[in-house]
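Here is what each chain is made of, one letter per residue.
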Amino acid sequence: DIQMTQSPSTLSASVGDRVIITCRASQSISGYLAWYQQKPGKAPSLLIYRASNLQSGVPSRFRGSESGTDFTLTISSLQPDDFATYYCQQYSSSPYTFGQGTRLEIK
Amino acid sequence: QVQLQQWGAGLLKPSETLSLTCRVHGESFSGYYWTWVRQSPGKGLEWIGEINGGGITIYNPSLRSRLSISIDTATSTNQFSLRLSSVTAADTGVYYCARGGPSLNAWGQGTLVTVSS
């Protein structure tokens, strides 16, 4: 199985901050990576697909990028609605594994 | 706009079979991968498996021996099902159905399944 290592596991930030969440794949996944946002008691919601493509309806302050097997999710200016847990997922090779999540909390 | 509505038994005893169904509203089955994902405190999000509109399945090898995902052809509605046999406490969690393309761009509301004697 491809391992997805996400960091940090918890991130404290303030409204207006720029934050970066990283995800490293244990082998090449050719950019087949998605980012999801999950709020308590809700299903995850797709933010980014194919490493850098913004899902329809997602604010442009969310950006995904790729460098080899390293992937980043950047939120350019945190809004109150952005405090949630974020997951990456590779869908290059079955089983399509998730990172362990990054909880973004208010500082 | 696609909507996924899921249901099934929420409390099971060890060794019983977990059975969940997901109905798809506003979308045809073809062209997508209809997926099950579960979430437990100990293991985070886990991809269970998927089925495409043609009935081709891909299962997580860790669950394959106990798992079945199928399209319900007996009804005229678009729905697919998950069956996981011989459940244990380790199968406790919230189960989601989702539409894959293959990134998961639409999700059901989730069903909490608890396995307890």
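Residues numbered from 1 in each chain as written. Chains lettered and ligands numbered in written order. Predicted model: local features only at pLDDT ≥ 70, side-chain atom pairs only at ≥ 80, totals over all residues. Heavy atoms only, no water.

Participant: I keep staring at the overall build of chain A and nothing clicks. Help me out?
Facilitator: Per the secondary structure count, chain A includes zero helices and 10 strands. Reading the helices (α) and strands (β) of chain A from amino to carboxyl end gives β-β-β-β-β-β-β-β-β-β. Against the globule reference of 13 Å for 107 residues, chain A gives a C-alpha radius of gyration of 13 Å, in line with a compact fold. Overall size of chain A, expressed as C-alpha extent along the three principal axes, is 35 × 25 × 25 Å. Counting only residues that meet the buried cut, chain A has 48% of its 107 residues in that class. Pairs at least 24 residues apart make up 55% of the contacts formed inside chain A by residues separated by at least 6 positions. Of the roughly 4900 Å² of accessible surface on chain A, a fraction of 43% belongs to carbon and sulfur atoms. Each charge class in chain A was averaged separately, 9 positive and 7 negative side chains, and the resulting centres sit 4 Å apart. (Helix = DSSP H or I, 4+ residues; strand = E, 2+ residues; numbered from the N terminus. Rg over C-alpha atoms; globule rule 2.2 N^0.38 Å. Buried < 20%, exposed > 50% of the residue type's maximum accessible area, 1.4 Å probe, protein only. Contact = heavy atoms within 4.5 Å. Areas by Shrake-Rupley, 256 points an atom, 1.4 Å probe, with all protein chains shown as cover. Lys, Arg positive; Asp, Glu negative; His and termini not counted. Charge placed at Lys NZ, Arg CZ, Asp CG, Glu CD.)

Participant: How should I be thinking about the interface of chain B and chain A in this particular structure?
Facilitator: Where interface size is given, it is often the accessible area lost as the parts come together that is meant. Listed by partner, the interface residues are 17 residues for chain B and 16 residues for chain A. Our count for the chain B to chain A interface comes out at zero salt bridges. Summed over the shared surface of chain B and chain A, the number is six residue pairs in polar contact (both at pLDDT 80 or more). Contributions of two or more residues to the side of chain B that touches chain A are made by strand 4 (33–40), strand 5 (44–52), strand 6 (57–59) and strand 10 (104–107) of chain B. (Salt bridge = Lys/Arg side-chain N within 4 Å of Asp/Glu carboxyl O. Polar contact = N/O pair within 3.5 Å; in protein donor to acceptor, adjacent residues only side chain to side chain.)

Participant: What is the right way to look at the pattern of salt bridges in this model?
Facilitator: Charged atoms that come close allow side chains of opposite charge to pair. All told, the structure shown has eight salt bridges over all chains when counted by the stated rule. D70(A) serves as the salt-bridge partner of R24(A), at 2.6 Å between the closest nitrogen and oxygen. With R24(A) in strand 3 (residues 19–25) and D70(A) in strand 8 (residues 70–75), the pair connects residues that are 46 residues apart, well separated along the chain. One salt bridge in this structure joins K39(A) and D81(A), with 2.2 Å as the shortest N-O distance. One end of the pair, K39(A), is in the loop between strand 4 (33–38) and strand 5 (45–49); the other, D81(A), is in the loop between strand 8 and strand 9 (85–90), with 42 residues separating them in the sequence. Assessed through its relative accessible area of 25%, K39(A) is described here as partly exposed. Residues joined by salt bridges that share partners form a network here, namely R38(B), E46(B), R66(B) and D91(B).

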